[in-house]
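Spelled out, the chains give:
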Protein chains: 2
Amino acid sequence: MSSTPDSAVRAFIDAHRTAFLDDLSEWLRIPSVSADPARAGDVRRSAEWLAAKLAETGFPVTEIWETGGGATGAPAAPATPGAAPPAPAVFAEWPSGDPDAPTVLVYGHHDVQPAAREDGWATEPFEPVVREGRLFARGAADDKGQVFFHTLGVRAHLAATGRTAPAVNIKLLIEGEEESGSPHFAALIAERADRLACDAVIVSDTGMWSEDTPTVCTGMRGLADCQIDLRGPDQDIHSGSFGGAVPNPATEAARLAAALHDDDRRVAIPGFYDGVVELTDRERELFAELPFDEETWLRTAHAHATLGEEGYTTLERIWARPTAEVNGIGGGYQGPGGKTIVPSTAQLKLSFRLVAGMETEKVQQAVRDWVAERLPAGIRHEITFWGATRPCLTPLDHPALQSVVRAMGRAFGQEIRFTREGGSGPAADLADVLDAPVLFLGISVPSDGWHAPNEKVELDLLMKGVETAAYLWGDLAEHGPIT
Amino acid sequence: MSSTPDSAVRAFIDAHRTAFLDDLSEWLRIPSVSADPARAGDVRRSAEWLAAKLAETGFPVTEIWETGGGATGAPAAPATPGAAPPAPAVFAEWPSGDPDAPTVLVYGHHDVQPAAREDGWATEPFEPVVREGRLFARGAADDKGQVFFHTLGVRAHLAATGRTAPAVNIKLLIEGEEESGSPHFAALIAERADRLACDAVIVSDTGMWSEDTPTVCTGMRGLADCQIDLRGPDQDIHSGSFGGAVPNPATEAARLAAALHDDDRRVAIPGFYDGVVELTDRERELFAELPFDEETWLRTAHAHATLGEEGYTTLERIWARPTAEVNGIGGGYQGPGGKTIVPSTAQLKLSFRLVAGMETEKVQQAVRDWVAERLPAGIRHEITFWGATRPCLTPLDHPALQSVVRAMGRAFGQEIRFTREGGSGPAADLADVLDAPVLFLGISVPSDGWHAPNEKVELDLLMKGVETAAYLWGDLAEHGPIT
């Protein structure tokens, strides 16, 4: 089936597993939280750590790429107060040496979501712990673990084939702002398009259906998220003396958030659904064939009921339908007991998931218009979008997608099925700028707790990821031109 | 006009003004924040300080009254986690010696609203400062300043009349839970009704129209306030993986808060307006005759527009109409930048202002029913009412009200007009249990900043309050039986 002997790959991986996990743990200890300006130094440290590790792996080219218009070596100041500062990406390159070899670009991110012990973590989020075959840490699955399997994967590929350079030209672009909506990513890849030129993008920032049902993802939702700040009275005022006669920004924030959805839980912002690529009957059938059990899914979600857009199943809602979500709301008194005030300010943090056919700029404008129209006199507002990520979708019959399916099939010894990803990554920006198809290679499972307390990665699956990466380069080279 | 020579009263007050203000400042330094369980010790210290000061003033009886079912001298634990702990009241008594003298009960409170420098205070809220004829401190107007003018008032009354005991039997009940909705006050006064028996209640916890337009208040709104805790997923979950398919407690909190009012800003909770005593045409005329200037009022409110129940003027809305207000809302991520989660929990703090004819228990039940009905499956909720305060209203032609108007007229040298108070106090509970009319004697003005940063009292008005208190006892005694 392939020129890479599977047993040699497995033997190499087994021999290097301990060192691989030790290295990954070292990386996970760096709290590279891109949303928190106070963690900017840690995000930079994470990039430097990875660049050094990739050089050690054998990549002849490793570079730190600044973002946000800063000069090399010095990050620019953030444009918006409170917004995450620009964070560096890591670029690495390992040419094949074969002039006919295709070029693949692996995409992932080295930044992570915020995490604090008091959010419900059983152990320190930035102190990795292995328990019952799982590695617990913020970033274990999203996305450091899944970036890192490529380091051992390419070495296994070389060891098993006796090559000194990979069968394809490998490039890696590991960004540092993904968890902040990749505000400078589009500019970065536009600026560096020549260095990033490739025949296919491999995104290692997604998951599989489950431990028992390995799958390949064919598309991701996009994302536009924002903060809306409302100001009413110039200070908190007495609700007895003034309440009922002046606008209350907490009430108005609530009215905005409540008006996001109609009674069918359909997003009620005019123009929001413009251009949405609707599901075909065949896609709905494929979704319906997956072993979906609502009770299990709810357990994984830590939720107690499903609720969403009328007329769609849960899988359709999370994979193929756009959404509006309240990520945070705050205003007025939140301490112990009561305080009878009309608050001065309130704040909403909203995120919108987008599907193929939607344009991020149009969605942002629709939200801006909708907010401006709904607020009464006496409530001033400011709306800040953190950035936007396009949605993307790859055809099921694409040859490079078939290579990924074969490599996974060898690693897992099972039929590989198809899913989509409800989360977002800047994959579609890459596809657009580099004019290359996007493929997804991820081994995370829904119970891994992305963005949640006690995030983990299943060690067995992580090693299958290493193995898949080891097979993939040979398969892609063997099956010729990708496009 | 009266047996108390006005010049003697004024001379006595002038002579004791400095010591009076020093004492008040000492009291204001005690941060008696009843809503904050961490301040329970300070609330107790405030009660003890006042009791000692009243004894020094001459009150032969001064007592600390425990609340909340605790044994005397030891407060009970709070019933609800997060609720304010029971806080002691101060009782004092000074019999007239005249068997025919009426008995008046002065009501006020010694607890204050929360305050922190970072809320926008120009100086420390619990470090009183005099600037340009104003005393700035949390509690300066609400309510320590207005309680305290009775200490110098009764001494001026005695000095000017040559009496050794006041012309009426004076009782004082100064509670410590008013800013927490007086959760144990109804039980306290029911239990101590014999000690509190009186012919009239004088509430010193309200304000006047303005520095130029002294007024007497004829009624207060009631209050019912609560916290609603919503729980969705057991932890914060990824908005890409699960968003759009499970209920979001922040969205549901917003939908509740938004549904409080209809498009005419009328409270939309079924049954809320049951029993409301509507304004008469005469009352609407009296309100309309006051020198109300919306722009000035908005400046005082620190607000930028009016908004409220359709069909009513601003004064009608704040004095004579019930309201629902969002005092606080919180849920999900409120830190810097974005976090793409479906939050696990959200919280609403609501307060309802009630007017004559409304029953607090019925309003609470209406709110409970309404909340329970509106939440979708998968959102669990808990609702906690902090306590409730009844509304009250006194007839304009009541003889004791006329005494208050005369005493104020002498102090201010001006016609006294009539207002109502939008805020709330447990006056109506007193009226109900003690079967006595409620009168209001307050010298605070709207710009005093109750519950807001930089609360202050106008020193000139504070001294007019002392003077009014000095005239009132003689007038009440002279004009015979009150009821």
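In this text the structure is predicted, and so the values were computed from the model without any measurement. (Residues numbered from 1 in each chain as written. Chains lettered and ligands numbered in written order. Predicted model: local features only at pLDDT ≥ 70, side-chain atom pairs only at ≥ 80, totals over all residues.)

Describing the overall build of chain A
Counting secondary structure elements, chain A contains 13 helices and 18 strands. Computed over its C-alpha atoms, the radius of gyration of chain A comes to 23 Å, within 12% of the 23 Å expected for a compact globule of 483 residues. On the principal axes, the C-alpha backbone points of chain A span a range of 80 × 50 × 45 Å. Looking at the 483 residues of chain A, the share that counts as buried comes to 59%. For chain A, the share of sequence-separated contacts (at least 6 apart) that also reach a separation of at least 24 residues comes to 80%. (Helix = DSSP H or I, 4+ residues; strand = E, 2+ residues; numbered from the N terminus. Rg over C-alpha atoms; globule rule 2.2 N^0.38 Å. Buried ≥ 20, exposed ≤ 12 C-beta atoms within 10 Å, placed from the backbone. Contact = placed C-beta atoms within 7 Å.)

Here's the deal with the interface of chain A and chain B
Taken together, the contact between chain A and chain B spans 89 residues of the former and 88 residues of the latter. Breaking the side of chain A that touches chain B down by element, the ones donating at least two residues are β9 (222-231), β10 (237-238), α6 (249-259), α9 (314-320), β11 (323-332), β12 (341-342) and β13 (345-354) of chain A. Counting residues per element, the side of chain A that touches chain B draws most heavily on β11 of chain A, which supplies nine residues. With five bridges connecting them, β11 of chain A and strand β11 (residues 323-332) of chain B associate as antiparallel partners. Across the sheet, Gly 331 of chain A pairs through a bridge with Ile 329 of chain B, a residue of β11 of chain B. (Pairing = 2+ DSSP bridges.)

Points about the relation of the copies chain A and chain B
For the pair chain A and chain B, the superposition axis carries a translation of 0.0 Å, the fit reaches an RMSD of 0.0 Å, and the rotation angle comes to 180 degrees. Given the turn and translation reported, the copies of this chain are related as if by a two-fold rotation axis. Both copies contact each other with a shared surface, as 99% of the interface residues of chain A are interface residues in chain B too. (Least-squares fit on C-alpha atoms with pLDDT ≥ 70 in both.)

A look at the nonpolar core
Ranked by internal contacts, the top residues of the largest apolar core, which has 269 residues, are Val 201 and Leu 439 of chain A together with Val 201 and Leu 439 of chain B. Setting aside residues no more than four positions away along its own chain, Leu 439 of chain B makes contact with Ala 200, Val 201, Ile 202, Val 203, Thr 394, Ala 400, Leu 401 and Val 404 of chain B. (Core = buried A, V, L, I, M, F, W, Y, C linked by C-beta atoms within 7 Å.)

Considering unusual backbone geometry
The omega torsion across Asp 142 of chain A and Asp 143 of chain A is 10 degrees, close enough to zero to call that bond cis. By secondary structure assignment, the location of Asp 143 of chain A is in the loop between β5 (134-136) and α3 (144-161).

Details of the domain arrangement of chain A
Residues and elements named next belong to chain A. As assigned here, chain A comprises domain 1 (6-221 + 391-478) and domain 2 (223-276 + 322-388). One C-alpha centre belongs to domain 1, the other to domain 2, and the line joining them spans 34 Å. Taken together, the residues of the side of domain 1 that touches domain 2 sort by class into five nonpolar, seven polar and one charged. (Domains from an automatic or database assignment. Nonpolar A, V, L, I, M, F, W, Y, C, P; charged D, E, K, R; others polar.)

Quick word on helix α12 (residues 427-434) of chain B
What α12 of chain B keeps buried is the set Ala 427, Ala 428, Asp 429 and Leu 430 of chain B. At the C-terminal side of α12 of chain B, Asp 435 of chain B shows a positive phi close to 55 degrees.

A short note on the packing of helix α1 (residues 6-28) of chain A against helix α13 (residues 459-478) of chain A
Each packed pair of helices is defined by two parameters, the angle between the axes and the distance between the axes. Residue and element names in this part refer to chain A. For the pair α1 and α13, the least separation of the axes is 10 Å and the interaxial angle reads 135 degrees. By the angle between their axes, α1 is oblique relative to α13. Relative to α13, the crossing made by α1 is right-handed. Contacts from Val 9, Arg 10, Ile 13 and Arg 17 of α1 reach α13 at Met 463, Val 466, Glu 467, Ala 470 and Tyr 471. (Axes fitted to C-alpha atoms, helices over the stretch in contact; angles between N-to-C directions. Parallel < 35°, antiparallel > 145°, perpendicular 65-115°, else oblique. Left-handed = near helix turned anticlockwise from the far one by under 90°.)

Points about the sheet that holds strand β16 (residues 417-421) of chain B
All names here are of chain B. Taken in spatial order, the three strands of this open sheet run β15-β8-β16, and their pairing is mixed. Edge positions in the open sheet fall to β15 (392-393) and β16, since each of these has one partner strand only. Relative to β15, strand β8 (residues 215-220) runs antiparallel, the two sharing two bridges. Residue Met 220 lies in a different strand from β15, and its bridge partner there is Cys 392.

What to know about the sheet that holds strand β17 (residues 438-440) of chain A
Residue and element names in this part refer to chain A. Spatially, β1-β2-β6-β3-β7-β17 is the arrangement adopted by the six strands of the open sheet, whose pairing is mixed. The open sheet terminates on both sides in strands that have one partner only, identified here as β1 (61-65) and β17. Here the strands of the sheet are splayed against their neighbours by 20 degrees on average, with no regard to which way each runs. In terms of strand pairing, strand β7 (residues 200-203) meets β17 through three bridges, oriented parallel. Within β17, the position partnered with Val 201 by the bridge is Val 438. Here helix α12 (residues 427-434) sits on the sheet in contact with β3 (103-109), β7 and β17, set at roughly 170 degrees to β7.

Side note on the packing of α3 of chain A against α13 of chain A
Residues and elements named next belong to chain A. Contact pair α3 / α13: the axes reach a minimum separation of 7 Å and the direction vectors enclose 50 degrees. As summarised for this structure, α3 and α13 are arranged oblique, according to the angle between their axes. Once α3 is placed against α13, the crossing between them reads as right-handed. Residues Gly 145, Gln 146, Phe 149, His 150, Leu 152, Gly 153, Val 154, Ala 156, His 157, Ala 160 and Thr 161 of α3 touch α13, and the partners they reach there are Leu 462, Gly 465, Val 466, Ala 469, Ala 470, Trp 473 and Gly 474.

Some thoughts on the pairing of β3 of chain A
Consecutive residues of a regular strand have side chains that alternate between opposite faces of the sheet. All names here are of chain A. Where burial is concerned, most of β3 is hidden: seven out of the seven residues are buried. Residue alternation in β3 divides its side chains into two sets, Thr 103, Leu 105, Tyr 107 and His 109 and Val 104, Val 106 and Gly 108, and both sets are buried. Here β3 runs beside strand β6 (residues 169-175); their pairing, made up of seven bridges, is parallel. Bridge pairing links Val 106 to Leu 172 in β6. Bridge count between β3 and β7: four bridges; the pairing is parallel. Looking across to β7, one finds that Tyr 107 is bridged to Val 203.

Description of the environment of Arg 266 of chain A
Residues and elements named next belong to chain A. With respect to the helices and strands, Arg 266 occurs in the loop between α6 and α7 (281-289). Each C-alpha atom, one on Arg 266 and one on Ala 324, is 8.9 Å from the other, the two residues being 58 residues apart in sequence. Setting aside anything within four residues of it in sequence, one finds Arg 266 in contact with His 261, Glu 309 and Glu 310.

Things to note about the confidence of the model for chain A
All names here are of chain A. Chain-level statistics for chain A give a pLDDT mean of 92 and a share of 95% at 70 or above. Scored below 50 in pLDDT, residues 70-79 makes 17 contacts in the model with residues more than four places away or belonging to other chains. For this predicted complex, the interface confidence score (ipTM) comes to 0.75, while the overall pTM stands at 0.74. (pLDDT = per-residue confidence, 0-100.)

Observations concerning the environment of Gly 240 of chain B
Residue position: Gly 240 of chain B is located in the loop between β10 (237-238) and α6 (249-259). Judged by C-beta crowding, with 26 C-beta atoms within 10 Å, Gly 240 of chain B ranks as buried. Measuring from C-alpha to C-alpha, the distance between Gly 240 of chain B and Gln 365 of chain B comes to 38 Å, with 125 residues separating the pair along the chain. In this structure, Gly 240 of chain B is in contact with Arg 221, Arg 353, Gly 422, Gly 423 and Ser 424 of chain A together with Thr 340 of chain B, ignoring residues within four places of it in sequence.

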